[in-house]
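Residues per chain are reported as follows:
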Amino acid sequence: MAVALKTSGTFCNTLQQSLHPTRDQFLYGYSHSNTKECKSKNTKRPVPLRVKATSAKAELDFSDPSWKQKFQKDWDERFNLPHINDIYDLKPRTTTFSLNKKRTPTHDESSTPMDMWNGYVNNDDRALMKVINYSSPTSAGAECIDPDCSWVEQWVHRAGPRKDIYYEPVEVKAAIVTCGGLCPGLNDVIRQVVFTLETYGVKNIVGIPFGYRGFFEKGLKEMPLSRRIVENINLAGGSFLGVSRGGAKTSEIVDSIQARRIDMLFVLGGNGTHAGANAIHDECRKRKLKVSVVAVPKTIDNDIPLMDKTFGFDTAVEEAQRAVNSAYIEARSAYHGIGLVKLMGRSSGFIAMHASLSSGQVDVCLIPEVPFTLDGEYGVLQHLEHLLKTKGFCVVCVAEAAGQELLQNSGATDASGNLILSDIGVHMQQKIKMHFKGIGVHADVKYIDPTYMVRACRANASDAILCTVLGQNAVHAAFAGFSGITSCICNNHYVYLPITEVITAPKRVNPNSRMLHRCLTSTGQPDFH
């Protein structure tokens, strides 16, 4: 398709046995039938890709009678989706995506084929971000814009296939990359992206191995993908393409995208990965490249703002509550048993809260959003004493980021720039043992840390469905010409959001939310401060 610019505008790893020799050949440079030792002496350490975005929310004067109109205008500007027509003058073509087989009416064999499929989404379709009209800022979980908690409509773009597309499928080269840590459902999304691309007619689909590292690390080759190759990858956990944290400079990644002649890049990851995807999108625009960068939100922590949930969260909660139930059995089976479970949650307590709710056996749930003390009359340890006296055992669930203010922090960061947290689980285990030993009361502490188990498993049914739709919608977004956006679910509707709006800050549990109230009702715990 001819386009016109607008004038105005050698990674080595400990290898585990695999059932897919083709995958190993591309990811590791060998197949298990011919294993060779891999050594690298002079591996360059890349400069981490770090991006910080800030919200463009307007300062509102609520005494101004027109503040709602100003808010709406600001909202519409912020949530307007970046499009390749912002830098190109392109004429769309009719989509190649249709699930309706063209046929002739049975009553008139001489008629032209019919295609009455009504499965397309209009570009003007919107979905409401919020639907609750709070009567007062004191309502449980109220998120108000003005002091009076006025109702303000907040519309976002509905996701799905459009009638018009801005790429010729036979000319498209599409790439998929999975970044950050492992997460249930990565393979499901990869699979659906490939399936949907092929439905449009794309023949050239590749996977970038080991996250952003695959764009610059020598010896890592892109992996050809097709329906035949990926059709069964959803039956296993992990990432078919491999993952890694950090990455090269944005300019180096875009250099690689240009050299590979990639037209569509699908990025699967969490907060940091989304920030990286947005930086890649910005650099592509700066260079006036016709490249659509579309993200799919992945994190078991469920800490990306504005969306109902991210894929992998439901599965992680299901696996986490198994650990909680094991702690319950251990605690109840021991004399003065205390089951202690530490669950993931770098900046939020969603996994700990939901796992505690789903198990129904947790007596104390500790999350980073709600401060607590261990010692003293109103501390956690005093409550554990009470539980042992009244019921004989107890179960404690703690998120990894909880209670960090009680611990020494090294200030070290990982390859993605995330702060490395001190181990609250081990700290609590030691404090509990010391406390009960100090007061001469027997306590049998059973500590369980299922950290990596909750993210390495296969997606459950709920996540598999979410991954399927998010992956399909990501491809629809790219063909519709959008870039710098993420495919997600808001208010039970599948929508597109600009990446800039979801990387401003991590989503956290609202201490006044109804869900946390439900959790505290279930545990029966008091305030620990």
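As the structure is a prediction and not an experimental result, all values here were calculated from the model.

Reading the values: the criteria
Residues numbered from 1 in each chain as written. Predicted model: local features only at pLDDT ≥ 70, side-chain atom pairs only at ≥ 80, totals over all residues. Heavy atoms only, no water. Helix = DSSP H or I, 4+ residues; strand = E, 2+ residues; numbered from the N terminus. Buried < 20%, exposed > 50% of the residue type's maximum accessible area, 1.4 Å probe, protein only. Pairing = 2+ DSSP bridges. 1 Å grid on protein atoms, 1.4 Å probe; cavity = no way out; pocket = protein on both sides within 12 Å on 5 of 7 lines; lining within 4 Å. Points joined across faces, edges and corners; volume = space filled by probe spheres on them. Nonpolar A, V, L, I, M, F, W, Y, C, P; charged D, E, K, R; others polar. Axes fitted to C-alpha atoms, helices over the stretch in contact; angles between N-to-C directions. Contact = heavy atoms within 4.5 Å. Polar contact = N/O pair within 3.5 Å; in protein donor to acceptor, adjacent residues only side chain to side chain. Expected span 1.5 Å × (residues − 1).

(A) Layout of the overall build of the chain. The helix and strand inventory of the chain stands at twelve helices and 17 strands. The buried share of the chain, taken over its 529 residues, is 51%.

(B) Looking closely at the pairing of strand E7 (residues 173-178). Most of E7 sits inside the fold, with six of its six residues counted as buried. The alternating pattern of E7 places Lys173, Ala175 and Val177 and Ala174, Ile176 and Thr178 on opposite faces, both of which are buried. Note that E7 and strand E8 (residues 204-208) share five bridges and pair parallel. Following the sheet pairing, Val177 is matched in E8 by Ile208.

(C) The arrangement of empty space enclosed by the protein in detail. In this structure, the largest cavity occupies an estimated 120 Å³ of space. Along its surface, the largest cavity is lined by Lys130, Ile132, Asn133, Tyr134, Glu143, Cys144, Ile145, Cys149, Ser150, Trp151, Val152 and Gln154. Across the lining of the largest cavity, the residue classes tally to seven nonpolar, three polar and two charged. Put simply, the second largest cavity is a space of about 50 Å³. Around the second largest cavity sit His83, Ile84, Ile87, His281, Cys284, Arg285, Leu289, Val291 and Ser483, which together line it. Residue composition of the lining of the second largest cavity, grouped by class: five nonpolar, three polar and one charged.

(D) Spatial organisation of the sheet that holds strand E14 (residues 394-399). Taken in spatial order, the four strands make up an open sheet running E13-E14-E12-E15, and their pairing is parallel. The open sheet is flanked by strand E13 (364-366) and strand E15 (444-448), the only strands paired with a single partner. The average angle at which neighbouring strand axes cross in this sheet is 15 degrees, direction not considered. Here E13 runs beside E14; their pairing, made up of three bridges, is parallel. When the bridges of E14 are listed, Cys365 appears paired with Cys397. With respect to the sheet, helix H7 (residues 313-333) is in contact with strand E12 (337-343), E14 and E15, its orientation differing from that of E12 by roughly 165 degrees.

(E) How the structure looks around the environment of Asn187. Looking at where Asn187 falls in the secondary structure, it is placed in helix H3 (residues 186-200). Expressed as a C-alpha distance, the spacing of Asn187 and Phe240, which sit 53 residues apart in the sequence, is 6.1 Å. Here the side chain of Asn187 touches Gly237 through a polar contact of 3.4 Å, landing on its backbone oxygen. Among the polar contacts made by the side chain of Asn187, one reaches the main-chain carbonyl oxygen of Gly238 at a distance of 3.4 Å.

(F) Region of interest: the layout of surface pockets. Estimates place the volume of the largest pocket at around 1,600 Å³. Surrounding the largest pocket, 47 residues form its lining, Lys130, Gly141, Glu143, Leu306 and Lys507 being those nearest its centre. Where the lining of the largest pocket is concerned, the elements lending two or more residues are helix H2 (67-78), H7, helix H8 (350-359) and helix H12 (514-523). Per-element tally for the lining of the largest pocket: the top contributor is H2, with four residues. Its residues assigned to classes, the lining of the largest pocket comprises 23 nonpolar, ten polar and 14 charged.

(G) Expanded view of helix H6 (residues 271-286). In this model, H6 (16 residues) spans 23 Å end to end at C-alpha, consistent with the 22 Å of a helix rising 1.5 Å per residue. Packed against the buried residues of H6 are helix H5 (250-260), strand E10 (264-269), strand E11 (292-297) and strand E16 (485-490). Positive phi shows up at Lys288, right after H6, with a value of about 55 degrees.

(H) A look at the side chain of Asn234. For Asn234, the position within the fold is in the loop between helix H4 (227-230) and H5. Side-chain polar atoms of Asn234 contact the side chain of Arg191, separated by 3.4 Å.

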